[in-house]
Amino acid sequence: MRLGIIACEAFKDELELLTEGNPDIVHKEYLEFHLHEYPQELRASVIEKVNSLEGKVDSVFLAYGICQSLKGVIDEMRVPVATLEEDDCVGALLTSEGYANERKVCTGTFYAIPYFASKGLSWFESELSKKMPDYEEVGLDFRWYMDQLFNGYSRCLLIDTGAGDQDVCEASTREFADYLGLQLDRRSGTLERLRDGLDRARSLA
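Residues numbered from 1 in each chain as written. Predicted model: local features only at pLDDT ≥ 70, side-chain atom pairs only at ≥ 80, totals over all residues. Heavy atoms only, no water.

Draft legend 1. Seen up close, the sheet that holds strand S6 (residues 155–160). If you trace the 3 strands from one edge of the open sheet to the other, you get S5-S6-S7, paired in parallel fashion. If you trace the sheet from one side to the other, it starts and ends with strand S5 (109–112) and strand S7 (183–188), each paired once. Between one strand and the next, the sheet's axes are offset by a mean angle of 25°, whatever the strand orientation. Direction of pairing for S5 relative to S6: parallel, over a ladder of 4 bridges. Residue pairing in the sheet places Tyr111 in a bridge with Leu157 of S6. Packed on one face of the sheet, helix H8 (residues 166–180) meets S5, S6 and S7 and runs near 175° to S6. (Pairing = 2+ DSSP bridges. Helix = DSSP H or I, 4+ residues; strand = E, 2+ residues; numbered from the N terminus. Axes fitted to C-alpha atoms, helices over the stretch in contact; angles between N-to-C directions. Contact = heavy atoms within 4.5 Å.)

Next comes the structure, spelled out in structure tokens:
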């Protein structure tokens, strides 16, 4: 069996953990998270990457939440493809039910999955610099940007999936929460949705 994986880089640590040493995995590729900002480009990139594996793999696990930009994307694939059933990465790592329950606990929650948790404030600093390289010259500062971005938030939820460096995630997320004055909560995530997607891809091979 030859299984390929095309995934958002937000799932990299989890998928590396799940597939370590698996000889059936012959191709793994993680696409930039920033593609989510450009839905048409994201869709085109996913289609191109999957179809480029035609004849090289028996099936593909497309590890993306099926948000609006990727609805019906399988119809454009020339390789058997299994996808996640959740809308986004948080739903995939909490389950849709778990995600819904956490939204009931606090609507103003930032969900620190390992991908975001490990980066902390530095991720947002690089985002601001990328979007507005001269922000300091025009009189804006990072604190103002973060206050605007997280206006209405009151909680940061650190999600432990068992992947990544947990000490780094804890320290970065605590710094992030303290900087914004957010309550810091923690809970376990799950790899079951990703594991199920891999199993369904195998069944298509």
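Draft legend 2. Here's a closer look at the sheet that holds strand S1 (residues 3–8). Spatial strand order, S2-S1-S3-S4: 4 strands in an open sheet with parallel pairing. Pairing within the sheet leaves two strands with one partner each, and these edge strands are strand S2 (25–31) and strand S4 (81–83). Going from strand to strand, the sheet's axes swing by 15° on average, the running direction of each strand aside. Taken together, the 5 bridges between S1 and strand S3 (residues 59–63) define a ladder with parallel strand orientation.

Draft legend 3. Summary view of unusual backbone geometry. At Thr95, a residue that is not glycine, the phi angle is positive and equals roughly 80°. Within the element layout of this structure, Thr95 appears in the loop between helix H3 (89–94) and helix H4 (96–105). When its relative accessible area of 16% is taken as the criterion, Thr95 is described as buried. (Buried < 20%, exposed > 50% of the residue type's maximum accessible area, 1.4 Å probe, protein only.)

Draft legend 4. Looking closely at the packing of aromatic side chains. For the structure shown, the criterion picks out 17 aromatic pairs. Summarising the aromatic geometry, the rings of Phe110 and Phe150 are spaced 5.6 Å apart at their centres and angled 85° between planes, so their arrangement reads as edge-to-face. Here Phe110 is found in strand S5, whereas its partner Phe150 is found in the loop between helix H7 (142–149) and S6, with 40 residues between them in sequence. Accessibility classification places Phe110 together with Phe150 in one group, the buried group. Relative to Phe176, the ring of Phe150 lies with its centre 5.3 Å away and its plane at 80°, an arrangement referred to as edge-to-face. Placement of the pair is Phe150 in the loop between H7 and S6 and Phe176 in helix H8, with a sequence separation of 26 residues. On the basis of relative accessible area, Phe150 is assigned to the buried category, the value being 8%. The class of Phe176 is buried, set by a relative accessible area of 2%. (Phe/Tyr/Trp six-rings, centres within 6.5 Å; stacked < 30°, edge-to-face > 60°.)

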